[in-house]
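# Architecture and fold: a report
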Amino acid sequence: MHRPRTAYWVSCVLAALVLTASGLSYSVVRNVSDIGGSHAISSGPSVGAQNILLMGLESRRDWDGNILPASILAKLHAGSAAAVASGTGGNDTNTLILIHIPAGGKKAIGFSVPRDDWVNFAGTVGPEQQGKIDQAYGVSMFYEQARLRQQYPDMSQDELAFRGNEAGRAAAVATVEKLTGVHIDHFAEVNMDGFYELARVFGGVEVCLRHAVSDVNSGADFPAGDQHLNAAQALAFVRQRDGLPNGDLDRTHRQQAFLDSVIHQLRTEGVLGDLGKMKALLSVAQQYVITDAGWNLLDFATETEGLTNGDLVFRTLPIQGYATIDGQDANQVDPAAIKAIVHAAFYPAPSPRASPHQRAATVDVLNGGETAGLAGRVSAALASAGYRAGRVGNTPSRTATAVLYGTGASAPAGKIAGLFGATATASASVAAGHVQILLGASATLPGIPPADQPAPASLIPSTGPQGGAVTARNGIPCVN
């Protein structure tokens with residue numbers, strides 16, 4: 001029987017996965033090793049610099065496609081079974097948080113992707129190739145299940161649910177990659193029921209509200225100020241959007257504040273040293289949390305010092321404004337600006353005194369476009385920026401520029417891909433320590449600052465509805 005899919009959690013899990021394996025009992029280590037289950041993406045490295053996508057589904061069903069019991073739906077303020085059967089909730093990824101962890105786990109940064117951002121999908125099954133970014137998962141899942149029902153009419157419900165979710169995961173990851181321009185190495189996801197169960201094991205969470213709130217739809221009814229929320233209240237806290245000044249954008253700040261609070265709790269309340277609580281937490285994680293199967297969480301634990309020390313900053317990707325698109329209320333976004341912001345934050349330019357990029361990569365440039373001599377000019381510019389010049393030549397004609405990299409070259413490949421508005425992709429055909437640029441038909445020479453000049457910083461907006469970074473007071477951020 002397949003494990004359930006995902007929902008609102010998003011990283012009490014990662015924080016719980018952030019558990020340091022050393023010193024834990026064999027049974028706990030074994031339980032950590034049992035978390036996983038998805039082959040929707042090709043996993044990246046578990047040690048060293050990596051990008052992780054946290055996803056929370058709005059689904060009111062379990063991982064086998066069964067509607068949650070009425071008692072659970074009532075507790076979660078998630079409607080009736082009849083409403084769920086009619087489509088309430090769907091399979092939207094109402095939580096999308098992209099986190100970059102540098103090698104050694106220091107100074108991690110996370111970006112929430114607003115669920116209503118209108119984007120071009122990637123890796124999505126079916127005819128719908130545009131929409132709100134939170135719809136990529138559900139759209140792909142819907143069309144994949146329809147295809148499977150037609151091709152295999154006797155397929156069991158749990159198999160249908162599993163394969164539909166796999167299509168959804170692949171589409172969600174690919175779409176976030178396309179929007180942000182960075183490669184995603186791993187993901188973790190949970191559903192509303194899983195979020196509730198994980199929060200229940202933690203004994204709830206501490207939060208701070210700037211104003212009192214009352215919302216029938218989510219069940220949120222809280223006074224202003226610092227307070228402790230039980231599991232059901234915690235779910236209402238991260239789900240509320242109605243009645244908030246900036247709607248869904250304020251909800252992303254709630255989700256960020258929740259994660260900050262959980263990490264603070266892990267760090268200060270001895271959770272990692274409480275064997276009974278750890279076993280209970282991991283038992284729930286095994287049941288409700290899905291990650292990519294190639295993510296070795298025990299190895300990953302060596303890279304999480306920045307998280308467990310609270311060295312993690314959350315921001316929200318900016319929007320340009322609000323619009324009605326295809327009859328839906330949506331956010332207008334600038335993909336090029338988003339790529340620049342994410343690349344500048346995840347792969348900051350070295351100081352002039354440093355050896356740029358540590359000359360960590362040899363760059364091969366192959367011209368598949370129509371501009372004669374462009375590969376040579378790109379290679380020379382990158383060499384001036386501190387990269388090692390590699391092979392220069394031609395490749396069969398191609399429409400789009402691609403950036404591929406071999407083992408150990410993920411970070412420089414990400415920086416180079418950002419220059420071309422592309423996404424860096426790992427490739428077994430590229431030698432270790434090498435980055436390969438395949439120039440497309442419309443490729444031009446990007447602005448590449450030489451080694452003795454720092455790259456211009458991309459400003460991360462701190463005003464507007466998305467706000468600035470969520471900051472904590474005594475570990476607990478205060479939000480709308």
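Above this text sits the structure in question.
Throughout what follows, the structure given in this document is the object of discussion.

Definitions and cut-offs
Residues numbered from 1 in each chain as written. Predicted model: local features only at pLDDT ≥ 70, side-chain atom pairs only at ≥ 80, totals over all residues. Heavy atoms only, no water. Disulfide = S-S within 2.5 Å. Helix = DSSP H or I, 4+ residues; strand = E, 2+ residues; numbered from the N terminus. Buried < 20%, exposed > 50% of the residue type's maximum accessible area, 1.4 Å probe, protein only. Pairing = 2+ DSSP bridges. Axes fitted to C-alpha atoms, helices over the stretch in contact; angles between N-to-C directions. Contact = heavy atoms within 4.5 Å. Core = buried A, V, L, I, M, F, W, Y, C linked by side-chain atoms within 4.5 Å. Salt bridge = Lys/Arg side-chain N within 4 Å of Asp/Glu carboxyl O.

## Let's talk about the state of the cysteines
What the rule picks out here adds up to one disulfide. Covalently, Cys-208 is tied to Cys-478 through a disulfide, its sulfur atoms 2.0 Å apart. Between Cys-208 and Cys-478, the S-S dihedral sits near -55°, and the bridge is therefore left-handed. You can see Cys-208 sitting in strand β8 (residues 205-209) and its partner Cys-478 sitting in strand β22 (residues 476-479), a full 270 residues away along the chain. A relative accessible area of 4% means that Cys-208 is categorised as buried.

## Thoughts on the sheet that holds strand β19 (residues 424-426)
Strand order in the open sheet formed by five strands is β17-β16-β20-β18-β19, with mixed pairing between adjacent strands. The open sheet has two edge strands, β17 (388-394) and β19, and neither has a second partner. Averaged over all pairs of adjacent strands, the angle between strand axes in this sheet comes to 20°, irrespective of strand direction. Where strand β18 (residues 402-405) meets β19, three bridges bridge the pair, whose relative direction is parallel. Pairing of Tyr-405 across the sheet is with Ala-426, part of β19. Contacting β16 (362-367), β17 and β20 (434-439), helix α14 (residues 374-384) crosses the sheet at an angle of about 160° to β16.

## A short note on the nonpolar core
A general tendency of soluble globular proteins is for nonpolar side chains to be buried together. Counting 42 residues, the largest nonpolar core has Leu-76, Phe-222, Phe-237 and Phe-258 as its most contacted members. Sort the elements by how many residues they give to this core and helix α8 (residues 231-239) lands first, with six residues. Apart from the residues within four sequence positions on either side, Phe-237 is in contact with Val-207, Leu-209, Phe-222, Leu-229, Arg-254, Phe-258 and Val-479. Grouped together as the second largest cluster of nonpolar side chains are 35 residues, Ile-41, Leu-57, Val-113 and Tyr-137 included.

## Quick look at unusual backbone geometry
Phi at Asp-326 is positive, roughly 50°, even though this residue is not glycine. Locating Asp-326 in the fold gives a position in the loop between β14 (321-325) and β15 (328-332).

## A word on the pairing of strand β4 (residues 108-112)
Where burial is concerned, most of β4 is hidden: five out of the five residues are buried. In β4, alternate side chains face the same way, and those of Ala-108, Gly-110 and Ser-112 on one face and Ile-109 and Phe-111 on the other are all buried. Relative to β4, strand β3 (residues 93-101) is paired through four bridges, and the arrangement is antiparallel. Counterpart to His-100 in the pairing with β4 is Ile-109. The pairing of β4 with strand β13 (residues 312-316) spans five bridges and is parallel. Within β13, the position partnered with Ala-108 by the bridge is Leu-312.

## Overview of the pattern of salt bridges
Counting across every chain of the model gives six salt bridges. With a closest N to O distance of 3.5 Å, Asp-116 and Lys-132 form a salt bridge. Note that Asp-116 is positioned in the loop between β4 and β5 (118-120) and Lys-132 in strand β6 (residues 130-132), a separation of 16 residues in sequence. In terms of burial, Asp-116 and Lys-132 fall into one category: buried. With its nearest N and O atoms 2.8 Å apart, the salt bridge here joins Arg-147 to Glu-144.

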